[in-house]
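# Coordinate inspection notes
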Amino acid sequence: MISPAVVLDHVQKTYGQGAQAHTALQSVSLEVPAGEFLCLLGASGCGKSTLLHLIAGLEPPTSGSVSVPAGGAAMMFQDPALFPWLSVADNIGFPLARKGLGATAQKARVQELLAMVNLDGWGHRQPHELSGGMRQRVALARALAQDARVLLMDEPFAALDAMMRDRLHDEIERVWRETGLTIVFVTHNVREAARLADRVIVLASHPGRIAGEFSVKLPRPRRIDAPEVAQLSRTITDSLRSVLRGNDDAS
Ligand SMILES: Nc1ncnc2c1ncn2[C@@H]1O[C@H](COP(=O)(O)OP(=O)(O)OP(=O)(O)O)[C@@H](O)[C@H]1O
Ligand SMILES: [Mg+2]
């Protein structure tokens, strides 16, 4: 039995108080086995980012518990949020410098990470010189520099065109294979979830809660336009539709 890397036990998150209170997540229980590629799928506002923020420890749950491995979880945001005044290498090295790693070791690790995200030779450039896809790769390398065993990704490729997204799917799958990381990946793109995930969790809204899950047994690497990926996407979309109908009935 593989031990879980992330465990959420009856997690509730309520923002605000009294009449202003808004429950973003209710009774979410979830175990993510070490090494799993998990996709969280749901409509806008259903609490996907909130769930990642709780796992990242950026905010506490109102009730229930969240457990992650020692060393915590690294987070990659939808917006690459690079420091514009730092070079690519210094952006990636930022978490290493904060950990107090010496200059030589830092340089060597940054080179390794640049190679891992296919940006060899780009370390001296500034973020504004890069394409959107390259910036996301820098953000990925910076998240990997935290050396956490869990990587949280919040719609990281949503702003990219389909071809760039396709390439980055290949790359994140390779990085995941090479590192053995546990990945929790948020998306509202059903095809993207079917392309990447070992397991897809479908969330419902108002309040955010787990409405269903799909284990994805399709062999890897998968193509996003493969018939079996399309077939699975249809099944998941049907489930999402009925979840959305349930939301409408409840509101
Ligand atoms: N800091 C906050 N204070 C108050 N309400 C918040 C806060 N963060 C999120 N919310 C509310 O919680 C709910 C869930 O938000 P969240 O950002 O987690 O949704 P999401 O599923 O990530 O949506 P999207 O797909 O649009 O990114 C929303 O109704 C949102 O307005
Ligand atoms: Mg979000």
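Residues numbered from 1 in each chain as written. Chains lettered and ligands numbered in written order. Predicted model: local features only at pLDDT ≥ 70, side-chain atom pairs only at ≥ 80, totals over all residues. Heavy atoms only, no water.

## Some points on the overall build of the protein chain
In plain terms, the rule: Strands are runs of DSSP state E lasting at least 2 residues, helices are runs of H or I lasting at least 4, and numbering of each runs from the N terminus. With C-alpha atoms as the basis for the radius of gyration, the globule rule is written as 2.2 Å multiplied by the number of residues raised to the power 0.38. Only protein chains enter the accessibility calculation, which uses a 1.4 Å probe. A residue is then buried if its area is under 20% of the maximum for its type, exposed if over 50%, and partly exposed in between. Contacts are assigned to residue pairs with any non-hydrogen atoms lying within 4.5 Å of each other.
Counting its secondary structure elements, the protein chain contains seven helices and nine strands. Against the compact-globule benchmark of 18 Å for 251 residues, the protein chain has a radius of gyration of 19 Å, which places it among compact chains. Looking at the protein chain as a whole, 48% of its 251 residues are labelled buried. Sequence-distant contacts in the protein chain: of pairs separated by 6 or more residues, those separated by 24 or more amount to 70%.

## A closer look at the side chain of glutamine 136
One can find glutamine 136 in helix α4 (residues 132-144). Glutamine 136 has contacts with Met76, Phe77, Gln78, Pro80, Pro156, Leu160 and Leu168, leaving out every residue within four places of it along the chain.

## Re the domain arrangement of the protein chain
This is how the line gets drawn: Note that the domain bounds reflect an automated or database-derived domain assignment. Buried area: the accessible surface (1.4 Å probe) lost by two parts on joining, summed over both.
Examined at the domain level, the protein chain breaks down into domain 1 (4-72 + 149-250) and domain 2 (83-147). Taking only C-alpha atoms into account, the centre of domain 1 sits 26 Å from that of domain 2. At the junction of the two partners, domain 1 supplies 15 residues and domain 2 supplies 12 residues. Buried area between domain 1 and domain 2, both sides added, is near 990 Å², and the carbon and sulfur share of it is 62%.

## Quick word on the nonpolar core
Using the following cut-off: Here the nonpolar core consists of buried residues drawn from Ala, Val, Leu, Ile, Met, Phe, Trp, Tyr and Cys, with membership extended through side-chain atoms lying within 4.5 Å.
In terms of nonpolar packing, the biggest core is built from 53 residues, with Leu151, Met153, Ile172 and Ile183 touching the most fellow members. With seven residues, the single largest contributor to this core is α4. Split by domain, this core shows at least three residues from each of two domains, domain 1 (4-72 + 149-250) and domain 2 (83-147). Residues contacting leucine 151, with those up to four places away along its chain left out, are Ala74, Leu140, Ala143, Leu144, Ile172, Leu181, Thr182, Ile183 and Val184. Counting 23 residues, the second largest nonpolar core, distinct from the first, contains Val6, Leu25, Leu52 and Leu54.

## Brief notes about the site of ligand 1
So the rule is basically this: Throughout, near means a residue has at least one heavy atom within 4 Å of the molecule or strand. In protein, a polar contact requires one atom able to donate a hydrogen and another able to accept it; more generally it is a pair of N or O atoms within 3.5 Å, and residues adjacent in sequence count only if both atoms are side-chain atoms. A 1.4 Å probe and the Shrake-Rupley method give the accessible areas. Residues count as covered only by the protein chains that appear here. Residues were grouped as follows: Ala, Val, Leu, Ile, Met, Phe, Trp, Tyr, Cys and Pro as nonpolar; Asp, Glu, Lys and Arg as charged; and all remaining residues, including Gly, as polar.
Lining the immediate surroundings of ligand 1 are Tyr15, His22, Ala24, Ala43, Ser44, Gly45, Cys46, Gly47, Lys48, Ser49, Thr50 and Glu155. Separating an oxygen atom of ligand 1 from a backbone N or O atom of glycine 45 is a distance of 2.7 Å. Contact between ligand 1 and serine 49: an oxygen atom at 2.9 Å from a side-chain N or O atom of the residue. Look at ligand 1: alone it shows 640 Å² of surface, and the protein chains cover 59% of it. Within the residue set of the shell around ligand 1, elements represented by two or more residues are β2 (22-33) and α1 (48-56). Of the residues assigned to the shell around ligand 1, the class counts are four nonpolar, six polar and two charged.

## Some details on the pattern of salt bridges
In plain terms, the rule: Take a side-chain nitrogen of Lys or Arg and a carboxyl oxygen of Asp or Glu: if they are within 4 Å of each other, that pair is a salt bridge.
In total, this model carries 15 salt bridges according to the counting rule given. With its nearest N and O atoms 3.9 Å apart, the salt bridge here joins lysine 99 to aspartate 147. In this pair, lysine 99 is assigned in the loop between α2 (88-98) and α3 (103-116) and aspartate 147 in the loop between α4 and β6 (150-154), connecting sequence segments 48 residues apart. Each of Asp170, Glu173, Arg195, Asp198 and Arg220 takes part in one network of salt bridges that share partners.

## Section: the environment of leucine 144
Along the polypeptide, leucine 144 turns up in helix α4. Sequence-distant contacts of leucine 144, defined by excluding residues within four places in its chain, comprise Arg109, Leu113, Met116, Leu151, Val175 and Leu181.

## As for the pairing of strand β9 (residues 209-215)
Spelled out, the test is: Each pair of strands is called paired provided DSSP finds at least two bridges between the two strands.
In this sheet, β9 lies alongside strand β8 (residues 199-204) in antiparallel orientation, the contact comprising six bridges. Note on β9: the bridge partner recorded for alanine 204 is arginine 209. Remark: four residues form the turn of the hairpin made by β8 and β9, two consecutive strands paired antiparallel; histidine 206 in that turn has positive phi of roughly 55°.

## Things to note about the packing of α4 against helix α5 (residues 162-179)
Going by this rule: For helices, the fitted line uses only the C-alpha atoms of the stretch in contact; every axis is such a line through C-alpha atoms, and the angle between N-to-C directions lies from 0 to 180 degrees. Oblique is the label for any angle not under 35 degrees, not over 145, and not in the 65 to 115 range, which are roughly parallel, roughly antiparallel and roughly perpendicular in turn. By convention the crossing between two helices is left-handed if the near helix lies anticlockwise of the far one by an angle smaller than a right angle, and right-handed if it lies clockwise.
Contact geometry for α4 and α5: axes closest at 11 Å, N-to-C directions at 20°. Considering their axes alone, α4 and α5 lie roughly parallel with respect to each other. The way α4 lies across α5 gives a crossing that is right-handed. Where α4 approaches α5, its residues Gly133, Gln136, Arg137, Leu140 and Leu144 are matched on the opposing element by Met164, Arg167, Leu168, Glu171, Ile172 and Val175. Looking at side-chain class alone, the contact of α4 with α5 contains six nonpolar, two polar and three charged residues.

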